[in-house]
Amino acid sequence: LREIENRLREDGYDDRDKYSQEYLHLPKLVLRGAVLIFNFTPVTLTCGLAAISKTFREKVWYGVVSRCLAKGGPAFIKWGQWASTRSDMFSDGFCAALSNLHSDAPSHSWQITRDSVEESLCIPKGSLFEVFEQFDTNPIASGSIAQVHKARLKALQYGNEGGQLMAVKVRHPNVARLIDMDFRLMGVLADVVDHFPGLSWLRIKESVEQFSHTMAAQAHLNVEGHHLEVLNHNFRKWDHVSFPRPIFACPKVIIETFEEGEICTTLIDKYEELAEKTGMRAVDESMPVPMVKFIVTTGLGLYLKML
């Protein structure tokens, strides 16, 4: 929570300003708690049936959980994204249902995107297309913190970047405020849980504090821009690895080069389907050996380099 408060101050908020009085006041937290209880009511009312019926659980309940998490706000979407990668803890069906939260989280309107970009670039309202030759109004992906639009800077005006295809990432409205309130509520719940002797081993409070620290940093896109610069520097000698290169970053907006790519698991899924159709026993039998070696060695090398 201290990390969140520090980030909020960096973003222009102070404990004494209107934000503190309006959003951190106890009635606001109570109202937010009531909204979350209402939002997750379908999950709690049907969890008993999901526990006894595998068909209902896999065909209906997993989808209900995913939709409720999507409506719950950035903290809950981020937990869903994390849970979707933990097939060692959750079933494959549950992970598959939550995987949509990585790119299909709720998005905000084009007007909010336009206003945020114009404000961040300090240009007059309505002058977005004096800077950009092209700016897609519909996002290509939306996550828990922000959504991404394709855009192209006007040529011959912005140096080497002019005319290039860019990815413009715009933070969702009120993300920092929602994260702060949600983690305050989670902190209260964690305190209650930790007081039960039979549940103290879960160390809920510690995990919430660690998770909130990560979320606080992710809510500020200038931090992401710095991380991209570090990655580009550290991997500058890797010819077969590239990262987006940021050209502008502030807490609400980051403009970076657009890098074409495909999620590795999507590629593996395609070869799994091919293996099933051709009667092969495993995906490594249908996937070309050079591709398998490249994915394994490059993935391991990237991981070890980032440690």
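It should be emphasised that the depicted structure is a prediction, and the values quoted were computed from it without experimental measurement.

Conventions adopted
Residue indices begin from 1 for each chain and proceed along its sequence in written order. For a predicted model such as this one, the threshold for reporting local features is a pLDDT of at least 70, and the threshold for listing and counting side-chain atom pairs is 80 or more; totals across whole chains, interfaces and linings nevertheless cover every residue. Derived side-chain values reflect all non-hydrogen atoms in the structure, with water molecules and hydrogen atoms excluded from consideration. A run of DSSP states H or I qualifies as a helix once it reaches four residues; a run of E qualifies as a strand once it reaches two. Both are numbered from the N-terminal end. Here a residue-residue contact requires only that any non-hydrogen atoms of the pair lie within 4.5 Å. Each residue's exposure class comes from its accessible area (1.4 Å probe, protein chains only) as a fraction of the maximum for that residue type: buried when under 20%, exposed when over 50%, partly exposed otherwise. Every axis in this analysis is a line fitted to C-alpha atoms, fitted for helices over the stretch in contact. Angles between the N-to-C directions lie between 0 and 180 degrees. Throughout, the term roughly parallel applies to angles under 35 degrees, roughly antiparallel to angles over 145, roughly perpendicular to angles from 65 to 115, and oblique to all others. Here a crossing is called left-handed whenever its near helix is offset anticlockwise from the far helix by less than a right angle, and right-handed whenever the offset is clockwise. Residues are grouped as follows: Ala, Val, Leu, Ile, Met, Phe, Trp, Tyr, Cys and Pro are nonpolar; Asp, Glu, Lys and Arg are charged; all remaining types, including Gly, are polar. Centres within 6.5 Å are what make two rings of Phe, Tyr or Trp a pair, Trp counting through its six-membered ring; a difference in plane orientation under 30 degrees is then read as stacked, over 60 as edge-to-face, and the rest as tilted. Paired strands, as defined in this entry, are two strands with at least two bridges between them according to DSSP. For a helix, the expected span equals 1.5 Å multiplied by the number of residues minus one. Predictor confidence is given residue by residue as pLDDT, running from a minimum of 0 to a maximum of 100. To qualify as a nonpolar core, a set must consist of buried Ala, Val, Leu, Ile, Met, Phe, Trp, Tyr and Cys residues joined through side-chain atoms within 4.5 Å. Patches in this entry comprise residues that are over 30% relatively accessible and not in a salt bridge; like charges within 9 Å are linked, as are nonpolar side chains (Val, Leu, Ile, Met, Phe, Trp, Tyr) within 5 Å. Areas reported as accessible are Shrake-Rupley estimates using a 1.4 Å probe. Residue values count occlusion only from the protein chains shown. The term salt bridge refers to a pairing of a side-chain nitrogen on Lys or Arg with a carboxyl oxygen on Asp or Glu at a separation within 4 Å. Residues counted as positive are Lys and Arg, residues counted as negative are Asp and Glu, and His and the chain ends are not counted. To locate a charge, the coordinates of NZ of Lys, CZ of Arg, CG of Asp or CD of Glu are taken.

Digging into the overall build of the chain
The helix and strand inventory of the chain stands at 14 helices and six strands. For the chain, restricting intrachain contacts to residue pairs at least 6 apart in sequence, the fraction spanning at least 24 positions comes to 58%.

Regarding unusual backbone geometry
Non-glycine residue cysteine 122 carries a positive phi angle of around 60°. With a phi close to 65°, asparagine 174 is a non-glycine residue in the positive phi region. Residue asparagine 174 is classed as partly exposed on the basis of its relative accessible area of 45%.

Let's talk about the packing of helix H3 (residues 26-39) against helix H5 (residues 54-72)
For any two helices packed against each other, one specifies the crossing angle of their axes together with the interaxial distance. One way to put it is that H3 packs onto H5 with a least axis distance of 10 Å and a crossing angle of 160°. In terms of orientation, H3 lies roughly antiparallel with respect to H5. In terms of crossing hand, the pair formed by H3 and H5 is right-handed. Together, Arg32, Leu36 and Asn39 of H3 and Cys68, Lys71 and Gly72 of H5 make up the contact between the two elements. In terms of residue class, the contact of H3 with H5 is made up of two nonpolar, two polar and two charged.

Side note on helix H6 (residues 74-84)
Within H6, nine of the eleven residues are buried, which leaves it mostly tucked inside the rest of the structure. Residues Pro74, Ala75, Phe76, Ile77, Lys78, Gly80, Gln81, Ala83 and Ser84 constitute the buried set of H6.

Let's talk about the packing of aromatic side chains
As enumerated under the stated definition, the model contains seven aromatic pairs in all. Taken together, a centroid distance of 5.1 Å and an interplanar angle of 90° make the contact between phenylalanine 132 and phenylalanine 135 edge-to-face. The class of phenylalanine 135 is buried, set by a relative accessible area of 5%. Following the ring pairs from residue to residue traces out a cluster consisting of Trp61, Tyr62 and Phe94.

As for the pairing of strand S6 (residues 253-257)
Along S6, five of the five residues are buried, which leaves the element largely enclosed by surrounding structure. Relative to S6, strand S4 (residues 165-171) is paired through five bridges, and the arrangement is antiparallel. Its bridge partner being in S6, methionine 166 is matched across the sheet by threonine 257. Bridge analysis of strand S5 (residues 246-249) against S6 gives three bridges, and the strand direction is antiparallel. Considered in S6, the bridge of phenylalanine 248 is made with isoleucine 255. Remark: three residues form the turn of the hairpin made by S5 and S6, two consecutive strands paired antiparallel.

Things to note about the environment of tryptophan 79
Topologically, tryptophan 79 is positioned in helix H6. A relative accessible area of 32% means that tryptophan 79 is categorised as partly exposed.

Examining helix H11 (residues 221-234)
With 14 residues, H11 should reach 20 Å at 1.5 Å per residue; the first-to-last C-alpha distance of 20 Å fits that figure. Within the span of H11, buried status applies to Leu221, Val223, Gly225 and Leu228.

Thoughts on the confidence of the model for the chain
Summary statistics for the chain give a mean pLDDT of 81 and a share of 83% for residues scoring 70 or more. For the chain, helix H2 (residues 18-23) is the element with the lowest average pLDDT, namely 47, and S6 is the one with the highest, namely 95. Here residues 13-23 scores under 50 on pLDDT; set against residues more than four positions off or in separate chains, the count is 20 contacts.

Describing the environment of lysine 205
Mapped onto the secondary structure, lysine 205 falls in helix H10 (residues 204-218). As for lysine 205 and alanine 190, which are separated by 15 residues in sequence, their C-alpha atoms are 4.8 Å apart.

A word on the packing of H5 against H6
Between H5 and H6, the least distance of the axes is 6 Å, while the angle of their chain directions is 140°. What the angle tells us is that H5 and H6 run oblique. Contact with H5, carried on its side by Leu69, Ala70 and Gly72, involves Phe76, Ile77, Trp79 and Gly80 of H6 and no other residues of that element. Of the residues contributing to the contact of H5 with H6, the split by class is five nonpolar, two polar and no charged.

Structural notes on the nonpolar core
Grouped together as the largest cluster of nonpolar side chains are 32 residues, with contacts concentrated most on Phe40, Val43, Trp61, Val65, Leu69, Leu98 and Ile179. At the level of secondary structure, the elements contributing two or more residues to this core comprise helix H4 (41-52), H5, H6, helix H7 (92-98), helix H9 (175-194) and H11. Val131, Phe132, Leu153 and Ile255 belong to the second-largest nonpolar core, a separate cluster that totals 13 residues.

Some words on a negative patch on the surface
On the surface, a cluster of negative charge is contributed by Asp269, Glu272, Glu273 and Glu276. Note that glutamate 276 resides in helix H12 (residues 264-278). Glutamate 276 gets classed as exposed once you look at its relative accessible area, which sits at 67%.

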